[in-house]
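Working through the structure, step by step
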Amino acid sequence: MVTNLHKLRTATEDSIWIVGSARSGKTTRLVEQFCIWSKTVKPQPATVSGRSSSGRRRAGQTAPAILVLAANGDNRLELADRIAVATEGKYTFHSTTPFGFFEQEVLLFWPLLVQSLDVRAQFPLRLQPETELELAARLWRRELDEGILQKTGVSPNRMVRRTLDLLQLAAVSGTPREEIPSILEQGFAADGGSTNLWTSMGELLERWREWCLTRGLLTYGIVCELYWRYLLPDVSYQQHLASRYQAVIADDVDDYPAISRHLFDRMLDQGAAGAFSYNPEGGVRLGLGADTEYLARLESRCQSVENLDAKAGLAAEIGELAVSLAVNSEGFYPLGLSLPGKVRSLQTTSRAQLLRETAEIIVDAVKSQAVEPQEIAVIAPGMDAIARYSLTEILARDGIAAVSLNDQRPLSTTPEIRALLTLLALVYPGLGRLVDRDGAAEMLVVLGSQKHRSLETEDSNSTFNLTSQIHHQKSIDQVRAGLIADHCFCPDIDRPQLLAITAFPRWDRVGHRAARAYEQIVEWIEQQRSQQQERLLPSPIALLDRAIQKFLMNDRYLPYDRLAALRELMETATHYWEINGRMQRVEPTNGGDSETIARFIHLLRQGTVTANPFPVRPEGPAARAVTLANIFQYRSSRRAHKWHFWLDAGSPLWLSGGAATLFGAPLFLRSQLGRPWETEEETAADQQRLRRILLDLLSRCSLLYLCHSELSVSGQEQTGPLLPLINSSVSCQQSA
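Remember, it's a predicted structure, so these values are computed and weren't measured experimentally.

Another point: the overall build of the chain. Tallying secondary structure elements over the chain gives 28 helices and 21 strands in all. Buried residues in the chain amount to 54% of all 736 residues. Just so you have it, the chain exposes about 32,100 Å², and 49% of that area is on carbon and sulfur atoms.

Structure follows, in structure tokens:
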């Protein structure tokens, strides 16, 4: 071990700090450094953790000696692939995200934590955010009903989420949870906040934490607290950490939480070498747990500092000018000033007109072969459902696919998901209140579909260049589904059901194809009911899987976003029933599957946004599609496209970047602890955020359309910070 460390130090000249803006070559430099270390550092025998880049460990496998971290799951996959290609897959390494690492370590060394915390020895399960919210709301029901956890203008669910987020913010910042009430009291002193409310929040969090640990349940906040406060200071753990990793590579540390710095300091103190990349215009997750300024101080621990001064995209040409116009102009800009022709403006009166003309420009550009669909990104502060639907539909008419990037919509907004929830209520007893005539009709439309194949060949330049184009025709359309539901849906509190088609006196009016499709659906539901009564249906998850295979995946093409929604549903359901199984073992109830299903359906129908499924890259048409994203999602993905369309460029939401900051987040920054958050500081933070957004996005494109409508969706005039930039740009009509 000592010999390996000596060789490592000789080869790398200690730790390296790499600074540069987006697309300046930081990640490439980290990959090069990994290749240097891989020739010197030899993996150790897998005594404690032998996980490779895939996260799996086999018997006899060696343990990776280099830890590789990326800001999020998508970036991790890309970085791991680049390293694997550069080393030809000959060197194992442990690739993960900061939170992924904290969670893995807490689970791996759980026996140590059981001893120090004096909790029950049971394998822990991590709660997803949506399950965490539901269980906490049930635990705090009395306080919510009595108004103890209440704030004017904030819904009960939002208050629960805010309270849970405070535990997370304290944990990722390395702040003891006991200090949360005092930090809130000091931070919101000028706002006249209630001391009783802050105290109650602190007490409820203590109760929640104890409740979770007793049952072996872990949340994001609890995992992070257990790691920095109990595991990392443990001498035994420190010895294991030092023996396992001789080096750490961390990309985009500007997006890491403060406790990542604790980990890096410990590793460097124990002799490991580090290579860190930092983007001054990054900090995408600032306000969501990241502490960019605190991580920047890690530079002082590195013996070598490399500044990559190269500017990419339009940032090299107009970056500082754009910032000056948007951030420093205060509404004033020099008359006659115009930006280069690579920056164009599209201005309309209404937003509907803006969406239509934006899509038409994209269609014309793709048809003229000026740009490929996958080289185009439409970015907005908030990519609402109207914009997403309008752009997708208009582009689809010309055979151009569009895909939403990490679409953060509730699962219940997807028709297939709503149909599957209705199906659950029809198969299991006691759920009649959760299904009505409209829900049954929609289910018939979604499930009653047949595939038809056309031999028409598309244009060779089309996004969907297939020798045979797949089309879908609804066997049961909305009108027929409504007629069938009116006459054949029989509501009942315990056993709602779909009657035979002959219950409709004029069933011949729906047509043979619709009648046949309906009969198949009814027959399948009755089969599942019979199996459920005979206990041959293993679980509701099995029913969902059967329904997806039978009606949604059998000989049918589904768009990428619908497939992602189905994966998200299955992962959410699997997690929900896993947690329910743990709860039944600890606190048995007599409700059975129906009670659990009712809670699950209610959870999704109330609009809860579930956790994203494990990242999988789109293939086929989705890989050759126009990207639709909000600012936060796009910057988090760290992608780049030749053409950018900044939608709603005149919106005031550009100042906030379109991302909601967690309640109280600024108070938990290491530089802010113990001080109130002043109005001047908030204004300065907004301006700094806008500066980072502009420089970051401009680095990721070579041609920009500023798409602005005078009126927003609500009909209000748009007077956002980018107006000077819009007015200084060359209109697309003049450029043409």
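Having seen it, we continue.
Before going further, it helps to spend a moment on helix H22 (residues 540-552). Between its first and last C-alpha, H22 extends 17 Å over 13 residues, near the 18 Å set by a 1.5 Å rise per residue. Looking at H22, one finds that the buried residues are Pro-540, Ile-541, Ala-542, Leu-543, Leu-544, Ala-547, Ile-548, Phe-551 and Leu-552. On its buried side, H22 packs onto helix H18 (415-427), helix H19 (437-447), helix H21 (512-533), helix H23 (560-586) and helix H24 (592-605).

On to the pairing of strand S8 (residues 247-250), then. Looking along a regular strand, one sees side chains alternate from face to face of the sheet. Burial along S8 is two-sided: Ala-247 and Ile-249 facing one way and Val-248 and Ala-250 facing the other are all buried. Summarising the sheet, strand S4 (residues 66-69) and S8 pair through four bridges and their orientation is parallel. Bridging from a neighbouring strand, Leu-67 pairs with Val-248 of S8. Pairing of S8 with strand S9 (residues 273-278) involves four bridges; the strand directions are parallel. Considered in S9, the bridge of Ala-250 is made with Phe-276. Following the backbone out of S8, through helix H13 (residues 258-269) and into the adjacent parallel S9, one traces a crossover that is right-handed.

Going residue by residue along S4, you find Ile-66 and Val-68 tucked away on one face and Leu-67 and Leu-69 tucked away on the opposite face as well. Relative to strand S5 (residues 94-96), S4 runs parallel, the two being bridged by three bridges. Residue pairing across strands places Leu-67 opposite His-94, the latter belonging to S5.

This part takes up the sheet that holds S9. In spatial order, the strands read S5-S4-S8-S9-S1-S10; together these six strands make up an open sheet with parallel pairing. The open sheet is flanked by S5 and strand S10 (304-308), the only strands paired with a single partner. Pairs of neighbouring strands in the sheet enclose a mean axial angle of 10 degrees, with direction left out of account. Of the strands in this sheet, strand S1 (16-20), S4, S8, S9 and S10 are in contact with helix H2 (residues 26-38), which crosses S9 at around 170 degrees. Where helix H4 (residues 98-108) meets the sheet, its contacts fall on S4 and S5, and the angle it forms with S5 comes to roughly 115 degrees.

Moving on, we get to unusual backbone geometry. In this model, Arg-23 sits at a positive phi of 60 degrees, which is unusual for a non-glycine residue. Tracing the chain through its elements places Arg-23 in the loop between S1 and H2. Of note, the phi angle at Arg-535 is positive, near 60 degrees, even though the residue is not glycine. Along the chain, Arg-535 turns up in the loop between H21 and H22. Its relative accessible area of 76% is what places Arg-535 among the exposed residues.

One pass over the structure, following the stated rule, counts 26 aromatic pairs. Chaining the aromatic ring pairs together yields one cluster made of Phe-101, Phe-102, Phe-109, Tyr-227, Tyr-237 and Tyr-245. When the ring centre of Tyr-294 is taken as reference, the NZ or CZ atom of Arg-670 above it lies at 5.6 Å.

About the criteria used
- Residues numbered from 1 in each chain as written.
- Predicted model: local features only at pLDDT ≥ 70, side-chain atom pairs only at ≥ 80, totals over all residues.
- Heavy atoms only, no water.
- Helix = DSSP H or I, 4+ residues; strand = E, 2+ residues; numbered from the N terminus.
- Buried < 20%, exposed > 50% of the residue type's maximum accessible area, 1.4 Å probe, protein only.
- Areas by Shrake-Rupley, 256 points an atom, 1.4 Å probe, with all protein chains shown as cover.
- Expected span 1.5 Å × (residues − 1).
- Contact = heavy atoms within 4.5 Å.
- Pairing = 2+ DSSP bridges.
- Right-handed = clockwise from strand over helix to strand, strands pointing away.
- Axes fitted to C-alpha atoms, helices over the stretch in contact; angles between N-to-C directions.
- Phe/Tyr/Trp six-rings, centres within 6.5 Å; stacked < 30°, edge-to-face > 60°.
- Lys NZ or Arg CZ within 6 Å of the ring centre and 35° of its normal.

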